[in-house]
Amino acid sequence: MDPLGPTPADGAPGRIDGSVAGPDQPRPARPVEPAEADPGVAAGVVIVGGGFGGLYTALALAAERHHPPVLLVEPQEHFLFLPLLYELLSGELRSWEIAPRYDSLLAGRGVAWLQDRVQRVDLTARCLHTEAGRRIPWQRLVLATGASTDTFGIPGADSHSLSFRSLADVQRLQDLLHHLAGSGHPLQRLAVVGGGPSGVELACKLADLTAGKAVVELIEQGDTLLPSSRSFNHEQAQLSLQRRDVRVRTRTQVVEVGSDRLLVRRMPEGEQELVPVQGVIWTAGQRCRPPRISPEVSADARGRLPCGPDLRLRGHDSVFVVGDLAAVPQADPTPNLSLPTTAQVAFQQAPVVAANLLRSLRGEPLQEFHWNDLGEMLSLGKGEAAVTGAGITLAGPAAFQVRRLAYLARLPRLSIQVKAVAGWLAALSP
Ligand SMILES: Cc1cc2nc3c(=O)[nH]c(=O)nc-3n(C[C@H](O)[C@H](O)[C@H](O)COP(=O)(O)OP(=O)(O)OC[C@H]3O[C@@H](n4cnc5c(N)ncnc54)[C@H](O)[C@@H]3O)c2cc1C
């Protein structure tokens, strides 16, 4: 069972026609200047954002024997396999395994990478404007800029809490844990805000990493943790939190975040409490903040862009959206709900976007995206996890290994997969 779906040999989510890329396709992959790529780009595909949606779309296109020029615009140097960020924090995985560099990922794949950030998308002129002042025309555009942490304007949350979405966030949190370990402060308390998968997974890891030297609080304003998780995973998460003495507060709202305390309100009573803390990590809420688009496109409450079932931006046939940014109506029974914002969905959308890009360039009808819900895997502390999907449920160390292997096999390049799996096998052997 693998929640991200089937994978061909090269790690890309399925070459559009299913066959594997031939060896005779050596191509350069290094940061390029638009001038250098310009002759091709205007007649090609530009992808904005190199996360699960953008990178895997680029790789699926590159796996095609005959594909148009592809330019990936991404400001970061490293791709980030976000589902394994907890294992980087705990040291169970190394950064080369979950954060490979774009230049090594794209070397020889026929995809040009521009290390820049897009600031404006001009739909009328069909061109992008970047932070570095470049103007990039496109024939087909893919918007895949993902989401970022949303603190809902709660006072002090931006300045006094850590987020958990980037390599820098992991470093900051590791520095905090190191500082706390050295401080000898008798009653340390770390608060994780948000009882969704990220909050629960992080709270379990932190409880293991602080090994009883700190109280880990998990604060959720809703009635329950993990409202959209499978019941087995939900149960396993509760057990894991209990075993690690994580203090769970549901129906509790964070009113203000200070440098050394949290002001919380218990619902529905409304009673407030000041909670002294040495660190706050904010995992509650995310929001899409794509580059400015002109003419303006109306986004949903979370900043997601309205798409058709073929993943095209509504009203703009030359623009596709993939991943967290795409508000795609779910098929029945819940057409009013958009697809969940997960790597699983982005990973499955990528080959469909790639196929539709080529079809639209050839003037052929496009295919619809249908999400195949493959279940859920949760990291629940060091060496432990819960897995539900394909009719099986698994918890504990065995689930941890299944999750690890399933994700390592999804890494965006065969050579990295092989190295990572070899490391995994080595770690397994006595
Ligand atoms: C800690 C954590 C754990 C998670 N665990 C899981 C899990 O176990 N299973 C699961 O299915 N999902 C998980 N997710 C969710 C999953 O990671 C996202 O749904 C997925 O990454 C979405 O892919 P994306 O391509 O839309 O965005 P991202 O992967 O976030 O990529 C967006 C990319 O766009 C780039 N970008 C942003 N703005 C611009 C710009 N203006 N110009 C150019 N580039 C730009 C960014 O640098 C980034 O590389 C997790 C998320 C987090 C944060």
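All of these numbers come straight from a predicted model, not from anything done at the bench.

Chemist: Please explain the sheet that holds strand E19 (residues 319–321) as it appears in this structure.
Modeler: Sheets are built from strands paired through backbone hydrogen bonds, the pairs being either parallel or antiparallel. Spatial ordering of the open sheet is given by E3-E2-E1-E7-E19, a layout of five strands whose pairing is parallel. A single partner strand is all that each edge strand has here, and the edge strands are strand E3 (111–114) and E19. Sheet twist, expressed as the mean angle between neighbouring strand axes with direction ignored, is 20°. In this structure, strand E1 (residues 45–48) lies alongside strand E7 (residues 140–143), joined through four bridges in parallel fashion.

Chemist: What's the story with the confidence of the model for the chain in this structure? I'm lost.
Modeler: In low-pLDDT regions, the fine details of the predicted coordinates are not to be read closely. Mean pLDDT over the chain: 89, with 88% of residues reaching 70 or higher. In the predicted structure, residues 1–41 sits below a pLDDT of 50 and forms 115 contacts with residues beyond four places in sequence or in another chain.

Chemist: Whenever I open this one, the site of the ligand confuses me. Can you help?
Modeler: If you check the shell around the ligand, you find 31 residues, and the closest are Gly53, Glu74, Val118, Asp324 and Ala343. Between Ala144 and the ligand, the recorded distance is 3.4 Å, taken from a backbone N or O atom to an oxygen atom. Measuring from an oxygen atom of the ligand, one finds a backbone N or O atom of Thr342 at 3.3 Å. Among the elements of the structure, helix H2 (52–62) and helix H10 (343–362) are those that each provide at least two residues to the shell around the ligand. With three residues, H10 is the largest single contributor of residues to the shell around the ligand. Within the shell around the ligand, the residues separate by chemical class into 15 nonpolar, twelve polar and four charged. Summarising the domain contributions, the shell around the ligand has at least three residues from each of domain 1 (34–148 + 287–362) and domain 2 (157–284).

Chemist: How do you make sense of the environment of Ala409 when you look at a structure like this?
Modeler: Along the chain, the position of Ala409 falls in the loop between helix H11 (397–408) and helix H12 (414–428). By relative accessible area, which is 27% here, Ala409 ends up partly exposed. Taking the C-alpha atoms as reference, Ala409 lies 8.5 Å from Ala420; in sequence the two are eleven residues apart.

Chemist: Explain H12 here, please?
Modeler: For an α-helix, 3.6 residues make a turn, and residues three or four places apart therefore share a direction. Counted at 1.5 Å a residue, the expected span for H12 with its 15 residues is 21 Å, and the 21 Å between its end C-alpha atoms agrees. Inspection of H12 places Ile416, Gln417, Ala420, Gly423 and Trp424 among the buried residues, and these make up the whole buried set. Mapping the buried residues of H12 onto a view down its axis gives an arc of 130°, with all of them on the same face.

Definitions and limits used
- Residues numbered from 1 in each chain as written.
- Predicted model: local features only at pLDDT ≥ 70, side-chain atom pairs only at ≥ 80, totals over all residues.
- Heavy atoms only, no water.
- Pairing = 2+ DSSP bridges.
- Helix = DSSP H or I, 4+ residues; strand = E, 2+ residues; numbered from the N terminus.
- Axes fitted to C-alpha atoms, helices over the stretch in contact; angles between N-to-C directions.
- pLDDT = per-residue confidence, 0-100.
- Contact = heavy atoms within 4.5 Å.
- Near = heavy atom within 4 Å.
- Polar contact = N/O pair within 3.5 Å; in protein donor to acceptor, adjacent residues only side chain to side chain.
- Nonpolar A, V, L, I, M, F, W, Y, C, P; charged D, E, K, R; others polar.
- Domains from an automatic or database assignment.
- Buried < 20%, exposed > 50% of the residue type's maximum accessible area, 1.4 Å probe, protein only.
- Expected span 1.5 Å × (residues − 1).
- Arc of directions from axis to C-beta.

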